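# Fold and contact review
Each chain is listed here by its residues.
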Amino acid sequence: RERRYIPGADLGTSPADVLEVLRAAGIHPGTFNQGELTGHYTAYGLVQACLVALRALGLSVSGSRMAIDGFGKVGGAAAELLAERGARVVAISTKHGGLYHPRGLDVDTLIALHHPEDASWIDRYADAERINHVQLYALPVDVLIPCAGPWMIHEANVNQIRAKAVVPGANIPVRPSVQERLEARGILCLPDFMCNCGGILGNTLEWRGFARTQIERFFREALAPKIEAVLRRAAALGQPVCRVAA
């Protein structure tokens, strides 16, 4: 409404980069929040979407199986938040390789070992099978969480997806022609803009002066119910969630 857009850092950029763009555009940030919590807020909103998806499937978060493609600021934070709620993060993948254990990975150990520029960090995690991101997408999990690049689910692998729900943290992780094919197979597929909007929402609310606890409560009490409402409407209309959400 105010013709203002509050950007946050994304793949390959940092909060300092965002501030430099603003300054180059003639915008003087002043008290503009530098977006240090962008990844956390994106992950927090993503986790709310996961919880909604699990409820829609009649599943409890405790013991649910999660596979996360991408273990950066969003994927790593989401893994931590999900593990805190009792979910089992059974697989992750990164540019350096991936890990899988059907009983769940130790997320605290993963976070302690993680170093994005050290290709050997993933080899220091001992008790897991080594996999790649292609194998991760074919695992039998409750929720598949793409948090890496775009179009990771496509015509060549859509029939290999065995997750009960796809809840994306990445932008456009599913090709449009494929999204409804997932739902036709009985896989709940939530649109990216419903699941990963937390970063931009959190940045905007911080800029408006809201505290972290208030923002997280907003996600629980406002964002999650909106996602649930879309799922209920899609079910009532007998249409794919992605079509109703748009």
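For the structure given in this document, a descriptive report is provided here. (Residues numbered from 1 in each chain as written. Predicted model: local features only at pLDDT ≥ 70, side-chain atom pairs only at ≥ 80, totals over all residues. Heavy atoms only, no water.)

The volume enclosed by the largest pocket comes to roughly 1,200 Å³. Lining the largest pocket are 46 residues, and of these Asp10, Leu11, Lys73, Val74 and Cys147 sit closest to its centre. Per element, the largest residue contribution to the lining of the largest pocket is 4 residues, and it comes from helix α2 (residues 38–56). Of the residues in the lining of the largest pocket, the class split is 18 nonpolar, 22 polar and 6 charged. (1 Å grid on protein atoms, 1.4 Å probe; cavity = no way out; pocket = protein on both sides within 12 Å on 5 of 7 lines; lining within 4 Å. Points joined across faces, edges and corners; volume = space filled by probe spheres on them. Helix = DSSP H or I, 4+ residues; strand = E, 2+ residues; numbered from the N terminus. Nonpolar A, V, L, I, M, F, W, Y, C, P; charged D, E, K, R; others polar.)

For the rest of this paragraph, the subject is the packing of α2 against helix α8 (residues 198–207). At their nearest, the axes of α2 and α8 sit 7 Å apart, and the two run at 125 degrees to each other. Judged on the interaxial angle alone, α8 and α2 are oblique. At the point where α2 passes α8, the crossing takes the right-handed sense. For the pair α2 and α8, contact is made by Thr38, Tyr41 and Thr42 and by Gly198, Gly199, Gly202, Asn203 and Glu206, respectively. In terms of residue class, the contact of α2 with α8 is built from 1 nonpolar, 6 polar and 1 charged. (Axes fitted to C-alpha atoms, helices over the stretch in contact; angles between N-to-C directions. Parallel < 35°, antiparallel > 145°, perpendicular 65-115°, else oblique. Left-handed = near helix turned anticlockwise from the far one by under 90°. Contact = heavy atoms within 4.5 Å.)

A grouping of Glu80, Glu84, Asp106 and Asp108 is seen on the molecular surface, where their side chains present a negatively charged patch. As for its position among the elements, glutamate 84 is in helix α3 (residues 73–84). (Patch = residues over 30% accessible without salt bridge, like charges linked within 9 Å, V, L, I, M, F, W, Y side chains within 5 Å. Areas by Shrake-Rupley, 256 points an atom, 1.4 Å probe, with all protein chains shown as cover. Salt bridge = Lys/Arg side-chain N within 4 Å of Asp/Glu carboxyl O. Lys, Arg positive; Asp, Glu negative; His and termini not counted. Charge placed at Lys NZ, Arg CZ, Asp CG, Glu CD.)

Residue tryptophan 151 is not a glycine yet carries a positive backbone phi of 55 degrees. Following the sequence through the fold, tryptophan 151 ends up in the loop between β5 (143–146) and β6 (165–166). On the basis of relative accessible area, tryptophan 151 is assigned to the partly exposed category, the value being 38%. (Buried < 20%, exposed > 50% of the residue type's maximum accessible area, 1.4 Å probe, protein only.)

Right, let's talk about the side chain of histidine 101 for a bit. Counting through the fold element by element, histidine 101 comes out in the loop between β3 (97–100) and α4 (107–113). Look at histidine 101 and you get buried, because its relative accessible area is 10%. What histidine 101 contacts, discounting residues up to four positions off in sequence, is Val90, Asp127 and Ala128.

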